[in-house]
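Next come the chains, spelled out residue by residue.
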Amino acid sequence: MARIVGIDLGTTNSLVAYMKDGQPCVVPDRNGRTIVPSVVALTDNGLIVGDSAKEHLTRNPERTVYSVKRFMGKGLADVQNELAYFPYHVTETGGVIRIRLGQKSYSPPQVSAMILKELKLRAEASLGESITKAVITVPAYFNDSQRQATKDAGLIAGLEVLRIINEPTAASLAYGLQQKTQGTIAVYDFGGGTFDISILKLKDGIFEVLATSGDTHLGGDDLDRVLVDLFIGDIRDRYGIDVGRYPDHMQTVRLEAERAKIRLSDELKTEITIELPEDKGLFTRELTRDQLESLVVGIIERTLAPCRIALKDAGLTPTDIDEVVLVGGSTRMPLVRQRVEALFGKQPHCHLNPDEVVALGAAVQADILSGGTTDMLLLDVTPLSLGIETMGGVMSSLIRRNTTIPASAKEMFTTYVDGQTGVDIHILQGERELVKDNRSLARFRLKVPPLPAGIPRIEVTFLIDANGILNVTATDMRTGQSQSIEVKPSYGLSDTEVERMIEDSFKFAAEDVNARKLIEARLDAEALLKTTNKSLVDAGHLISQEEAHSIRATLAQLSNATGGTDPRAIRTRMTELEQTAKHLNVVMLDHSLKKSLQGKKVSEVS
Amino acid sequence: MGHIPCSFSLMDNHQSSSHPDTRRQLQMARSMCWHCQSEVTGEYFCDRCVKVQPVSKETDYFTCLGFPRRLMLDPQKLEAKFYELSRTFHPDFYQTKSADEQTISLSNAAVLNTAYRTLRAPIQRAEYLLALETGSVKDIRTSPPADLFEEILELQDTLEEYRASDRDSDQGHRLRSTLKTEQEALERRKHEMEAQLQQLFADWDQLQDAGEATSLARVERDRILKQMRDLLSNRTYVNNIVNDLAATIA
Ligand SMILES: Nc1ncnc2c1ncn2[C@@H]1O[C@H](COP(=O)(O)OP(=O)(O)OP(=O)(O)O)[C@@H](O)[C@H]1O
Ligand SMILES: [Mg+2]
């Protein structure tokens, strides 16, 4: 079977991992970095992703998308009150959010697909083979629409998503593989955008989730916002400037807020410096860990309620938990660790790399699916109750939250009126009594043969598969015939729309690849220009005039080519320069070798 | 929109006094492999083509987990069996198999999970067994214990009064402590009923183990089932009130 990779598609950071000789490992880029910032920027040369896109956050804020995960499977109304924090333009079409980038609009799955493609390319470059299958992680508390949106993103990126797995449970797989422990563990996953808590029983290679809870809108981003508000308030008071009117400076403030927060995990006090708009100079202030903690303690305490609910649902008390495993960058905050320790009454386990452990676990799950690992099995649960609308706008629960998946429920439907030919069914997810307080997942119309009222008997099966995604089928009990159902998702792309996006992504793939090649060629060319120039300065006097001349000419040609848009032209000029400067480099090497030897002698003498 | 709730759709409706294990063997022996059409003699897989077989729609949850219809099951053994069967049916292990096998594994795993969830909790297990044995498809309706009816009506009034009162006032405090006492009393009552149920569970298992088909045994069987039904419905009722009370005064 073709290799399956594991992907952690995070709010802030994404990673790809695979299984190598029975051990999961994360794929690094050429510079050894394993993390791809989940940022997509539209530049003059096309779309870029990751570290290079992150640089555009302050340069080009309206065209740089970050934290797109917060919009997955959502409608505009769901995110209305946080839109002010995002510099890019967000609208809605057909119940799906669209993000404006230049002339085009992209749905969140499309933007996520760009990140996934970057990870796919990275894995392909590192492993030297084409990658078409993946396991992708999602927050455990993601609802059906959010999971579906993640699956769509995979499809658009040209990946067959063999499994969607929950981030905390993925982490538990990596933890279990490493620790080989048995017992009951709690995985506390506090990342950039989401919070999850999962309680699992580990026994004989089975990872049985007992309960899970969380908040898909609670993470490091929210902590940063508190600091952003503090700083812009300060700047307004001191300088009378409304930073909110300058999207680029807002991003500077946001990034500095995050950096300050991170520094305060190790230090007790830190200095903040922010460049002000309109050349008003620098804003500086001091921030102590105490100040930060008193500002964010409320947010951190919001993670405790889901922990208590999960414990209760699992029928356990804190003392029943043998180990608390910390996952996610935000668990590096001392205050978070303190609160977790206080709740569970024991020191949490923090020997795992909180950034990588989810991707590593996804790789383990990928290996299970491909038949490599056979002794481990994850039994996960559905985080939210699933039900249908009944008379009076009330939700009737069919599958309760924390039910082990795959899970199914059957429901018999009939008619009230003679000759009625359809029954409308509205599927919901959530814990509240009333339809309006729960999440609408989808609607569909059940076709019924025209018969006297009460005679038709249509059995509908609601099946939540191992991805936590709902599948609906119906059977006419009188004829035994099954009926295909077209479910219209309430918040999400329709199948046809996903198909179109996949096509688009292939259509633009050539364009995208070119843009990517151009960026890479430029970066490489710039590096070459720099070192050659340096060699000329250092060793130019050791070569002939003509030689130096022709090197300069080629240098100019390369630098010209980097201004163009043809990556091949750049690469050709680079090869040319490498040839022309070969001798110079030899001389240069010789020269520096001699110098270092001389240096040695001197030091030996003295 | 109308729907008929149907909670035990996988239920085996025909009554049988024979041991469920031997019955399953018969069922399996009668069935044909969906793939190679040969007779399936293995438990979950076709011996000839080694394809996984769908769990029959008629299989009840006890049979599904390989346990007799008893009410005092060892939770450790139940769990071990659940884990073993999860390793047999879980979709994770069918990713490289055909689409048909994947579908079967998915629905088998779903049935297995429902079976385990139902049998793992003693109360739910008993409710399920009751439905199996009495052939009733309906959920057991909850009803207040007859002797508690007056008390519960009064309690309802106090609850309403408390909800309307200012929680921090003297009256609020007084009502709260009344409710608290009431909650404790009801909880004691609940535990009593659970102890009685426990006894009935033991009686049931004993009767089944004896396996006599006398008319006396039939009378005893009906007595146990009837008492169990009443107790279960009363217990659920009291349990709901206790939860309600706990939530209100928390
Ligand atoms: N030392 C630190 N102290 C405090 N916060 C930190 C530290 N290091 C990283 N963070 C925060 O952790 C968050 C990123 O964590 P992580 O990479 O686990 O998130 P993610 O996986 O992208 O998000 P999610 O899982 O919510 O989708 C950011 O908000 C970052 O500011
Ligand atoms: Mg994460």
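Caption draft 1: Structural context of the overall build of chain B. The helix and strand tally for chain B stands at eight helices and one strand. Walking chain B from its N terminus toward its C terminus, one meets helices and strands in the order β-α-α-α-α-α-α-α-α. By the burial criterion, 46% of the 250 residues in chain B qualify as buried. Partitioning the contacts of chain B with sequence separation of at least 6, the portion at a separation of at least 24 is 65%. Accessible surface for chain B amounts to roughly 13,000 Å². Of this, 51% is attributable to carbon and sulfur atoms.

Caption draft 2: Spotlight on the site of ligand 1. Residue and element names in this part refer to chain A. Contacts to ligand 1 come from 20 residues, most closely from Thr 11, Thr 12, Lys 69, Glu 258 and Ser 265. Here an oxygen atom of ligand 1 and a side-chain polar atom of Glu 167 are 3.5 Å apart. Lys 261 has a polar side-chain atom sitting 2.8 Å from an oxygen atom of ligand 1. With the chains in place, 93% of the 650 Å² that ligand 1 exposes on its own is no longer accessible.

Caption draft 3: Layout of the pattern of salt bridges. Residues and elements named next belong to chain A. This structure, assessed with the given rule, holds 45 salt bridges over all chains. Taking the shortest distance from any N to any O, the salt bridge between Arg 571 and Asp 524 comes out at 3.0 Å. One end of the pair, Arg 571, is in helix H16 (residues 567-580); the other, Asp 524, is in helix H14 (residues 509-539), and 47 residues separate them in sequence. Overall, Arg 571 belongs to the partly exposed group, its relative accessible area being 33%. For Asp 538, the salt bridge identified is with Lys 534, shortest N-O distance 3.1 Å.

Caption draft 4: Spotlight on the side chain of Ser330(A). Residues and elements named next belong to chain A. If you trace the backbone, Ser 330 turns up in the loop between strand E18 (323-327) and helix H11 (334-344). On the accessibility criterion, Ser 330 (7% relative accessible area) is buried. Within the structure, Ser 330 has its side chain in polar contact with the backbone oxygen of Gly 191 (distance 2.8 Å). Ser 330 has contacts with Phe 190, Gly 191, Gly 220 and Val 336, leaving out every residue within four places of it along the chain.

Caption draft 5: Broad picture of the domain arrangement of chain B. All names here are of chain B. Once the domains are mapped, chain B shows domain 1 (7-139) and domain 2 (146-249). The interface of domain 1 with domain 2 comprises 14 residues on the first partner and 15 residues on the second. Carbon and sulfur atoms supply 64% of the area that domain 1 and domain 2 bury against each other, a total of about 1,400 Å² over both sides. Joining domain 1 to domain 2, the criterion identifies two salt bridges. The closest approach of N and O atoms between Asp 209 and Arg 70, which form a salt bridge, is 2.8 Å. Scanning the region where domain 1 abuts domain 2 turns up five residue pairs in polar contact (both at pLDDT 80 or more). Residues of the side of domain 1 that touches domain 2, tallied by class, amount to seven nonpolar, three polar and four charged.

The rules behind each value
Along each chain, numbering runs from 1 in the same order as the chain's sequence is written. Chains and ligands are labelled by the order in which they are written, letters from A for the one and numbers from 1 for the other. The model is predicted, so local features are restricted to residues of pLDDT at least 70 and side-chain atom pairs to those at 80 or more, both for listing and for counting; the totals for chains, interfaces and linings are taken over all residues. Remark: hydrogens and water are excluded; side-chain values derive from all non-hydrogen atoms of the structure. Labels follow the DSSP assignment, with helices taken as runs of H or I lasting at least four residues and strands as runs of E lasting at least two, numbered in each case from the N terminus. For each residue, the accessible area found with a 1.4 Å probe, counting protein chains only, is set against the maximum for its type, and the residue is called buried under 20%, exposed over 50%, and partly exposed in between. Any pair of residues with heavy atoms lying within 4.5 Å of one another is described as a contacting pair. Areas reported as accessible are Shrake-Rupley estimates using a 1.4 Å probe. Residue values count occlusion only from the protein chains shown. Being near a molecule or strand, for a residue, comes down to having at least one heavy atom within 4 Å of it. Pairing of N or O atoms within 3.5 Å defines a polar contact, subject to two protein rules: one partner must be a possible hydrogen donor and the other a possible acceptor, and residues neighboring in sequence count only if both atoms are side-chain atoms. For salt bridges, the criterion is a side-chain nitrogen of Lys or Arg within 4 Å of an Asp or Glu carboxyl oxygen. Domain ranges listed in this record stem from an automatic or a database domain assignment. The buried area of a pairing is the accessible area, by a 1.4 Å probe, that goes missing from both parts when the two are put together, added over both. The nonpolar class holds Ala, Val, Leu, Ile, Met, Phe, Trp, Tyr, Cys and Pro. Asp, Glu, Lys and Arg form the charged class, and all remaining residues, Gly among them, are polar.

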